[in-house]
Amino acid sequence: MDNNRSLNLVKVHGVGGYDSDFSDDEIQEETSDQKKKRIRKDDPLLQKTFQKGKHVKLVHKHLAAQEWDREEARNRRHHLISMNAYDRHKKFVSDYILFYGGKEEDFKRSTEKDKTDVDVIKENHRFLWREEDEDDMTWEKNLAKKYYDKLFKEYCIADLSRYKENKFGFRWQVEKEVVSGKGQFFCGNKNCDTKDGLKSWEVNFGYVEQGEKRNALVKLRKSGFQSRRIGPAGLYYCLV
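First things first, this report covers the structure right here in the doc. Bear in mind that the values here come from a model prediction, so they are computed numbers and not experimental data. (Residues numbered from 1 in each chain as written. Predicted model: local features only at pLDDT ≥ 70, side-chain atom pairs only at ≥ 80, totals over all residues. Heavy atoms only, no water.)

## A few points about helix α5 (residues 117-124)
Turning to step 1, where the next piece is worked out: Among the residues of α5, those classed as buried are V120, I121 and N124. Burial along α5 is one-sided: seen end-on, the buried residues are contained in an arc of 100°.
Turning to step 2, where the next piece is worked out: Turning to α5, the residues buried within the fold contact α6 (139-149). (Buried < 20%, exposed > 50% of the residue type's maximum accessible area, 1.4 Å probe, protein only. Helix = DSSP H or I, 4+ residues; strand = E, 2+ residues; numbered from the N terminus. Arc of directions from axis to C-beta. Contact = heavy atoms within 4.5 Å.)

Below you can see the structure in the form of structure tokens.
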């Protein structure tokens, strides 16, 4: 009887007969806590935005090369943005010469046909602007017309250096000459500063402009000696 009872107890309680009813519950509780921690760790909503995932395997060479190219492109772009326009232009030119060959002189712009504002005014200047001259105005003509409007057209400044050839040059006064009195209170010859014995003369000035023969009556203040220079030409009338 005692032996049969002991065998039955072994079947009921397991091998050895010393198992505890609380051991399985503790193991289950530990595994459930670990499972919760793992789920919480793998949840994408709980991961930080700057947190990078762990790479278990090495990246393929092709992907690594693509990432390297993108990083190099970002660095070059930031470098170009930090440069000014002139330095950026020089870098592009040097890179072109480095890869395709050539010289820097080949990239220099020719200055043979360059024109300044003075050159444009000389080409389109008019001694007297007429209504027909203002037809088909271009920016060159507009520039010359603006310069003409700033001139003072009461008295002329004369160039008599070639009077023996019966050639005279006339132009209008500029603001500086009006302020100083040149051409009105001083002799109108550009190389004479006499202010005594001045007379006013009305001169029939004939000139060729833009291939067209023109005439204009202009006033000139001259001294007695300078008046004899233009006297033989018979092109003047005394106003005083």
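## As for the nonpolar core
A general trend in soluble globular proteins is that nonpolar side chains are found buried together.
Turning to step 1, where the next piece is worked out: The biggest cluster of nonpolar side chains holds 18 residues, and the ones touching the most others in it are F127, C156, F170, W172 and V218.
Turning to step 2, where the next piece is worked out: Residue assignment for this core shows that the elements contributing at least two residues are α6, β1 (152-159), β2 (169-173), β3 (199-209) and β4 (212-222). (Core = buried A, V, L, I, M, F, W, Y, C linked by side-chain atoms within 4.5 Å.)

## Focus: the packing of α5 against α6
Helices that pack against each other are described as a pair by the angle of their axes relative to one another and the distance between those axes.
Turning to step 1, where the next piece is worked out: Direction vectors running N to C along α5 and α6 enclose 90°, while the axes themselves pass 8 Å from each other. As the angle between them shows, α5 and α6 are arranged roughly perpendicular. Seen from α5, the contacting residues are D117, V120, I121 and N124; seen from α6, they are W139, E140, K141, L143, A144 and Y147.
Turning to step 2, where the next piece is worked out: Here the residues of the contact of α5 with α6 sort into 6 nonpolar, 1 polar and 3 charged. (Axes fitted to C-alpha atoms, helices over the stretch in contact; angles between N-to-C directions. Parallel < 35°, antiparallel > 145°, perpendicular 65-115°, else oblique. Nonpolar A, V, L, I, M, F, W, Y, C, P; charged D, E, K, R; others polar.)

## Things to note about the pattern of salt bridges
Turning to step 1, where the next piece is worked out: Under the defined criterion, the tally for this structure stands at 19 salt bridges.
Turning to step 2, where the next piece is worked out: Across the pair E67 and R70 runs a salt bridge whose closest N-O atoms are separated by 2.7 Å. Of the two residues, E67 and R70 are both situated in helix α3 (residues 61-81); the distance of 3 residues between them amounts to about one turn of the helix.
Turning to step 3, where the next piece is worked out: Take E67: its relative accessible area is 39%, and that puts it in the partly exposed class.
Turning to step 4, where the next piece is worked out: You can call R70 partly exposed: its relative accessible area is 42%.
Turning to step 5, where the next piece is worked out: With a closest N to O distance of 2.9 Å, E165 and R162 form a salt bridge.
Turning to step 6, where the next piece is worked out: On the basis of relative accessibility, which here comes to 43%, the residue R162 falls in the partly exposed class.
Turning to step 7, where the next piece is worked out: Three or more residues are tied together by salt bridges with common partners; here these are R130, E132, D133, E209, E212 and R214. (Salt bridge = Lys/Arg side-chain N within 4 Å of Asp/Glu carboxyl O.)

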